[in-house]
2 protein chains.
Amino acid sequence: MLIVGEKINTSRKTVREAVEKRDAAFIKKLAQLQSTAGAHYIDINCGTFINQEEEIIAWLAEVIQDEMDLPLCIDSPNPRAIEAGLRAHRKGQPMVNSISGETARYNAILPLIIEYGCKIVVLCMDDSGIPEDAGSRVTIAAKVIEGLKENGTSENNIYIDPLIQPISTSTENALCAVQTIGMLKESYPGIHGICGLSNISYGLPERKLLNQAFLVMSMAGGMDSVILDPEDTHLMSLLFATETLLNRDPWCGTYIKAYREGRIVKT
Amino acid sequence: MLIVGEKINTSRKTVREAVEKRDAAFIKKLAQLQSTAGAHYIDINCGTFINQEEEIIAWLAEVIQDEMDLPLCIDSPNPRAIEAGLRAHRKGQPMVNSISGETARYNAILPLIIEYGCKIVVLCMDDSGIPEDAGSRVTIAAKVIEGLKENGTSENNIYIDPLIQPISTSTENALCAVQTIGMLKESYPGIHGICGLSNISYGLPERKLLNQAFLVMSMAGGMDSVILDPEDTHLMSLLFATETLLNRDPWCGTYIKAYREGRIVKT
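This structure is a prediction, so every number in the text was calculated from the model and none was measured.

Some thoughts on the interface of chain B and chain A
Consideration 1: Facing the 38 residues of chain B at the interface are 38 residues of chain A.
Consideration 2: Carbon and sulfur atoms make up 75% of the area that chain B and chain A hide from each other, which totals about 3400 Å².
Consideration 3: The largest per-residue losses of area from chain B upon contact with chain A belong to E206, L209 and L245 of chain B, which jointly make up 22% of the total buried on that side.
Consideration 4: If you look at where chain B meets chain A, you find 2 salt bridges.
Consideration 5: Our enumeration of links across chain B and chain A arrives at 8 residue pairs in polar contact (both at pLDDT 80 or more).

In structure tokens form, the structure reads like this:
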């Protein structure tokens, strides 16, 4: 399971304030905590700084990579900000979140993916928006996957985000997301499924419980990457447990190690 | 999701003592608590009383049905005990746990299922024991299903228990159980999947966490019935959450009602 730590996002007040003060120590600590908690990639998103996004994303990349060796997930819809982040990236293979079937976005971001050899998150939407059903999301994603492959991106570098919409607006939304990944993996066995979890529970009480159940359910359905807060011990414990149940943890070794390190919640 | 409350089992010390004293009030209360917590069937198992099982199972059935209208799950490998329980059963459709592909057991229990029109739990094992792989469990179960159907039992009354073995002995065991149900439902769409959860985590730390993840994962894979402690609020909360995520809870109505009744854990 590939874990992308989501916490360095300027939509969070403490991060915004740290960025405004260029408080490198705060950013480094947040990256380090996520790394210790199990993140494989550190997401950086400063989309709230509309006119400074290029400068700030490069600053975040520099600061974090001064501190540690984890690669970064450059998270922006803005091609110029993505390019600035990629230029500053120097440790391992960068991930970009995201490309989509939207014409302008696709055309602007594809050359960057080729140039920098990134892992790339593909959103299942196009110029008409987000389709309601899994079949239409698959059609959009397949077109983008074919385009990426024609331009030299291997399936192993492609991460499909089916786009998680709240079950409070339609109780079909969770299954729709999971089915989208399942259908695409049948055609493209090398690709990955990725998503953020928390949108699924928007508008409902005890959201964390729903997010927990959705994590397990989507992993069982083929989601093999996730964007989350790795410091959420309960969520991470369920992730370890589910990996073991899905036969991805020989001899239950990772689960038992996590338990011995005090990383499994008391139940 | 059909919920079978597992607590009236004389392998539990308090239940054994209550039965020894013929403490009807204790048994009634245990049944009532499980009913209030959401059980649809009350399991009765007094297998530890080897020479008195017939008498005690009938006593348990009488006592519980004096108190409430829920039907019972007569839980025994002993055909005479099952018959005693069925004779005493008078509210709704009884469930019997279990028949299997073992020749003697099959031949002794089949006539009871026919005579009493029961719901029947089918264990995926035969005279050679429990097979290691899903394919062989499917073969055994299919033979029993065919026999039951030829004798007038509809698929809707058949509950397949794939038999849950600990992942500590083989990390394939959870997937094996879920795959057995998935494969059988392809051939027999009307049947149900049922299991107890707790054996999956035997030998590992923080068993409840693993049981929770296995509940969600098996529900996502087609398990639509479960034998559990309905007073385990965390497990039941995840069950409600997963039902909603699997689009089996229109407008999230059951989940929201459970929350308002204080039956969803704080996370």
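Quick notes on the packing of helix α3 (residues 53-67) of chain B against helix α4 (residues 79-88) of chain B
Residues and elements named next belong to chain B.
Consideration 1: Between α3 and α4, the least distance of the axes is 8 Å, while the angle of their chain directions is 25 degrees. When the axes of α3 and α4 are compared, the pair comes out roughly parallel. Note that α3 runs across α4; the crossing there is right-handed. Residue-level contacts link E53, E54, I57, A58, A61, E62 and Q65 of α3 to R80, A81, A84, G85 and A88 of α4.
Consideration 2: Residues that form the contact of α3 with α4 fall into these classes: 6 nonpolar, 2 polar and 4 charged.

A closer look at the pattern of salt bridges
All names here are of chain A.
Consideration 1: On inspection of all chains with the given rule, the structure shows 33 salt bridges over all chains.
Consideration 2: The closest approach of N and O atoms between E55 and R22, which form a salt bridge, is 2.7 Å. In this pair, E55 is assigned in helix α3 (residues 53-67) and R22 in the loop between α1 (13-20) and α2 (24-37), connecting sequence segments 33 residues apart.
Consideration 3: In this structure, the salt-bridge partner of D224 is K185, at a minimum N-O distance of 3.1 Å. A residue pair is termed long-range when its members are at least 10 positions apart, and D224 in the loop between α8 (207-220) and β8 (225-228) and K185 in helix α7 (residues 173-187) qualify at 39 residues.
Consideration 4: Note on D224: relative accessible area 17%, which makes it buried.
Consideration 5: Taking relative accessible area as the criterion, K185 reaches 22% and is therefore assigned partly exposed.
Consideration 6: It is possible to trace a salt-bridge network through shared partners that takes in K7, D229 and E231.

Thoughts on α3 of chain A
Consideration 1: Taking 1.5 Å of rise per residue, the 15 residues of α3 of chain A would be expected to cover 21 Å, and the 21 Å separating its terminal C-alpha atoms lies within 8% of that figure.
Consideration 2: Of the surrounding elements, those touching the buried residues of α3 of chain A are α1, α2, β2 (41-44), β3 (72-75) and α4 (79-88) of chain A.

Brief notes about the nonpolar core
Consideration 1: One finds F214 of chain A together with F214 of chain B to be the most contacted residues of the largest nonpolar core, which totals 169 residues.
Consideration 2: With residues up to four places along the chain from it excluded, the contact list for F214 of chain B reads L245 of chain A together with I164, A174, A177, V178, C195, L197 and I200 of chain B.

Some words on the pairing of strand β5 (residues 119-126) of chain B
Residue and element names in this part refer to chain B.
Consideration 1: Within β5, 7 of the 8 residues are buried, leaving the element largely enclosed by the surrounding structure.
Consideration 2: Across 6 bridges, strand β4 (residues 95-101) lies against β5 in parallel orientation. Paired with I99 across the two strands is V122, which belongs to β5.
Consideration 3: Note on the crossover from β4 through helix α5 (residues 103-116) to β5: the handedness is right-handed.
Consideration 4: One ladder, built from 4 bridges, connects β5 with strand β6 (residues 158-161); its direction is parallel. Within β6, the residue paired with L123 across the bridge is D161.
Consideration 5: Taking the sense of rotation as the criterion, the β-α-β connection linking β5, helix α6 (residues 134-150) and β6 turns out right-handed.

Focus: the side chain of N211 of chain B
All names here are of chain B.
Consideration 1: In this fold, N211 is placed in helix α8 (residues 207-220).
Consideration 2: Owing to a relative accessible area of 10%, N211 belongs among the buried residues under this scheme.
Consideration 3: Every residue in contact with N211, bar those within four places of it in the chain, is listed here: L197, S198, I200, S201 and L235.

Things to note about the sheet that holds strand β2 (residues 41-44) of chain B
Consideration 1: Strand order in the open sheet formed by 8 strands is β7-β6-β5-β4-β3-β2-β1-β8 (chain B), and the pairing between neighbours is parallel. For this open sheet the edge positions go to β7 (192-193) and β8 (225-228) of chain B, each flanked by a neighbour on one side alone.

Brief notes about the sheet that holds strand β1 (residues 2-5) of chain A
All names here are of chain A.
Consideration 1: Read from one edge to the other, the open sheet built from 8 strands follows the order β7-β6-β5-β4-β3-β2-β1-β8, with strand pairing classed as parallel. Of all the strands in the sheet, just β7 (192-193) and β8 have a single pairing partner and so form its edges.
Consideration 2: Bridge count for strand β6 (residues 158-161) against β7 is 2 bridges, and the pairing is parallel. Bridge pairing in β7 places Y159 opposite H192.
Consideration 3: In the packing of helix α5 (residues 103-116) onto the sheet, the strands contacted are β4 (95-101) and β5 (119-126), and the crossing angle to β4 comes to about 145 degrees.
Consideration 4: On top of the sheet, helix α9 (residues 233-245) reaches β1 and β8; it is set at about 170 degrees to β8, its chief contact.

Parameters and conventions
- Residues numbered from 1 in each chain as written.
- Chains lettered and ligands numbered in written order.
- Predicted model: local features only at pLDDT ≥ 70, side-chain atom pairs only at ≥ 80, totals over all residues.
- Heavy atoms only, no water.
- Contact = heavy atoms within 4.5 Å.
- Buried area = accessible area lost by both parts, 1.4 Å probe.
- Salt bridge = Lys/Arg side-chain N within 4 Å of Asp/Glu carboxyl O.
- Polar contact = N/O pair within 3.5 Å; in protein donor to acceptor, adjacent residues only side chain to side chain.
- Axes fitted to C-alpha atoms, helices over the stretch in contact; angles between N-to-C directions.
- Helix = DSSP H or I, 4+ residues; strand = E, 2+ residues; numbered from the N terminus.
- Parallel < 35°, antiparallel > 145°, perpendicular 65-115°, else oblique.
- Left-handed = near helix turned anticlockwise from the far one by under 90°.
- Nonpolar A, V, L, I, M, F, W, Y, C, P; charged D, E, K, R; others polar.
- Buried < 20%, exposed > 50% of the residue type's maximum accessible area, 1.4 Å probe, protein only.
- Expected span 1.5 Å × (residues − 1).
- Core = buried A, V, L, I, M, F, W, Y, C linked by side-chain atoms within 4.5 Å.
- Pairing = 2+ DSSP bridges.
- Right-handed = clockwise from strand over helix to strand, strands pointing away.

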